[in-house]
Amino acid sequence: MVYVVHKPVAKFIETWNEEFLSIFTFLVTICMVYDFANAFREAMDLRALLVQAEDIKKRLSAVLEEEKEHLSETVMEKKEQLVQSVEERREQFTQSVEEKKEHLDKMIAELETAREKLREGMEKHSKQLLLHNPGSGYTGMDEESAEVKKRLLSKRRK
């Protein structure tokens, strides 16, 4: 640019009138000042935008933090409700199991009582049969079942 373009441009400008050259230089200076002022104004506008963006970022961060805290509180409340609900259901289940166990214990006791009554009735009936038939040799329910087992074992051996 210095060796090729500058020499012809410098010769061309030297041909201009000095008064015209001063006016042209003044106009170029005015254009440069105008361009600088616009660039500076735009830079200041950009700075204002950056400041606004930073302010918006801070506000959004604050809102986000509030929402985060609110969500955390809501989650904690729901967790506590869930834990309480599970605990209540566990207690109800435990109580239900205990009630059913008590009911089964009562039924077992009733069955034991009924079995004993049945056994006593059978013993009584077998004694009455023995009184009517004294030669049968019946000694009792336990002894009779032992005698039956003994006979079965002896038949197996043969």
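Because the structure is predicted, anything quoted here is derived from the model rather than measured.

A. A look at the overall build of the protein. Looking only at helices and strands, the protein has 3 helices and 0 strands in total. Counted from the first residue to the last, the protein has its helices and strands arranged as α-α-α. The globule rule puts the C-alpha radius of gyration for 158 residues at 15 Å, and the 57 Å found for the protein is more than 25% above it. Here the protein holds 158 residues, and the buried ones make up 3% of them. About 15400 Å² of surface is accessible on the protein, with carbon and sulfur atoms providing 62% of the total. Each charge sign in the protein was given a centre, from 27 positive and 31 negative side chains, and these centres are 17 Å apart.

B. Representation of the pattern of salt bridges within the structure. Summed over the entire model, instances satisfying the criterion amount to 5 salt bridges. Across the pair Asp55 and Arg59 runs a salt bridge whose closest N-O atoms are separated by 3.5 Å. Separated by 4 residues within a single helix, Asp55 and Arg59 lie in helix H2 (residues 18–132), roughly one turn from each other. Close ionic contact of Glu116 with Arg115 constitutes a salt bridge, the shortest N to O distance being 4.0 Å. Connected through shared salt-bridge partners, Glu112, Arg115 and Glu116 make up one network.

C. Here's a closer look at the environment of Ile13. Among the secondary structure elements, Ile13 is positioned in helix H1 (residues 6–14). In this structure, the C-alpha to C-alpha distance between Ile13 and Asp45, residues 32 residues apart in sequence, is 39 Å.

D. Representation of the confidence of the model for the protein in the model. Considering every residue of the protein, the mean pLDDT works out to 87; 91% of them sit at 70 or more. Model confidence for the protein, summarised as mean pLDDT per element, is weakest for helix H3 (residues 141–157) at 74 and strongest for H2 at 91.

E. The packing of aromatic side chains, seen in detail. Tallied over the full model, the rule gives 4 aromatic pairs. For the ring pair Phe36 and Phe40, a centre distance of 6.3 Å and an interplane angle of 25 degrees mean the geometry is stacked. One end of the pair, Phe36, and the other, Phe40, are both in helix H2, 4 residues apart, so they sit about a helical turn from each other. Judged by its relative accessible area of 58%, Phe36 is exposed. Classification of Phe40 as partly exposed rests on a relative accessible area of 47%.

F. Geometry of a negative patch on the surface. Together, Glu65, Glu66, Glu67, Glu69, Glu73, Glu77 and Glu80 line one region of the surface with negative charge. Along the chain, the position of Glu77 falls in helix H2. Residue classification places Glu77 among the partly exposed residues on the basis of a relative accessible area of 47%.

G. Highlighting the environment of Cys31. With respect to the helices and strands, Cys31 occurs in helix H2. As for Cys31 and Ser72, which are separated by 41 residues in sequence, their C-alpha atoms are 60 Å apart.

What counts and how
Residues numbered from 1 in each chain as written. Predicted model: local features only at pLDDT ≥ 70, side-chain atom pairs only at ≥ 80, totals over all residues. Heavy atoms only, no water. Helix = DSSP H or I, 4+ residues; strand = E, 2+ residues; numbered from the N terminus. Rg over C-alpha atoms; globule rule 2.2 N^0.38 Å. Buried < 20%, exposed > 50% of the residue type's maximum accessible area, 1.4 Å probe, protein only. Areas by Shrake-Rupley, 256 points an atom, 1.4 Å probe, with all protein chains shown as cover. Lys, Arg positive; Asp, Glu negative; His and termini not counted. Charge placed at Lys NZ, Arg CZ, Asp CG, Glu CD. Salt bridge = Lys/Arg side-chain N within 4 Å of Asp/Glu carboxyl O. pLDDT = per-residue confidence, 0-100. Phe/Tyr/Trp six-rings, centres within 6.5 Å; stacked < 30°, edge-to-face > 60°. Patch = residues over 30% accessible without salt bridge, like charges linked within 9 Å, V, L, I, M, F, W, Y side chains within 5 Å.

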